[in-house]
Amino acid sequence: MNNKLDQTFGSLVRQKREDLMFSQSELARKLNCPQTTVSRLEQGQRSVTLPELLSLAQALKTSVSDLL
């Protein structure tokens, strides 16, 4: 993804996480990744991989298409 897409995606992930009242640490545990990975994704500093996208959709109780 490019930087603008990464930032937009990250904002959406953050909103979905906050709607579920999950902390970044809680989401990271669900994804089996470090909290810093969630932080970097939400800030648009890191692109998401396909496996991460699938895991995020499941953890955030949404569909992949809703995240895209």
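Each residue is numbered by its place in its chain's sequence as written, counting from 1. The model is predicted, so local features are restricted to residues of pLDDT at least 70 and side-chain atom pairs to those at 80 or more, both for listing and for counting; the totals for chains, interfaces and linings are taken over all residues. Hydrogens and water are ignored here; the side-chain numbers use all heavy atoms of the structure.

A. The arrangement of helix 3 (residues 35–42) in detail. By the burial criterion, the buried members of helix 3 are Thr37, Val38, Ser39, Leu41 and Glu42. The inward-facing, buried residues of helix 3 contact helix 1 (3–19), helix 2 (24–31) and helix 4 (50–59). Strands here are runs of E lasting at least two residues and helices are runs of H or I lasting at least four, both read from the DSSP assignment and numbered beginning at the N terminus. Gly44 sits one or two residues past helix 3 and shows a positive phi near 75 degrees. Using a 1.4 Å probe on the protein chains alone, a residue whose accessible area is under 20% of its type maximum counts as buried, one over 50% counts as exposed, and one in between counts as partly exposed. Every residue pair with non-hydrogen atoms within 4.5 Å of one another is taken to be in contact.

B. Structural context of helix 1. Here the expected length of a helix is defined as 1.5 Å per residue gap, with one fewer gap than residues. In this model, helix 1 (17 residues) spans 24 Å end to end at C-alpha, consistent with the 24 Å of a helix rising 1.5 Å per residue. Among all positions in helix 1, only Asp6, Phe9, Gly10, Val13 and Arg17 are buried. Projected down its long axis, helix 1 shows its buried positions confined to an angular sector of 105 degrees, all on one face. Exposed residues pointing more than 90 degrees away from the buried face of helix 1 are listed as Lys4 and Asp19. Note: the arc covers the axis-to-C-beta directions of the helix.

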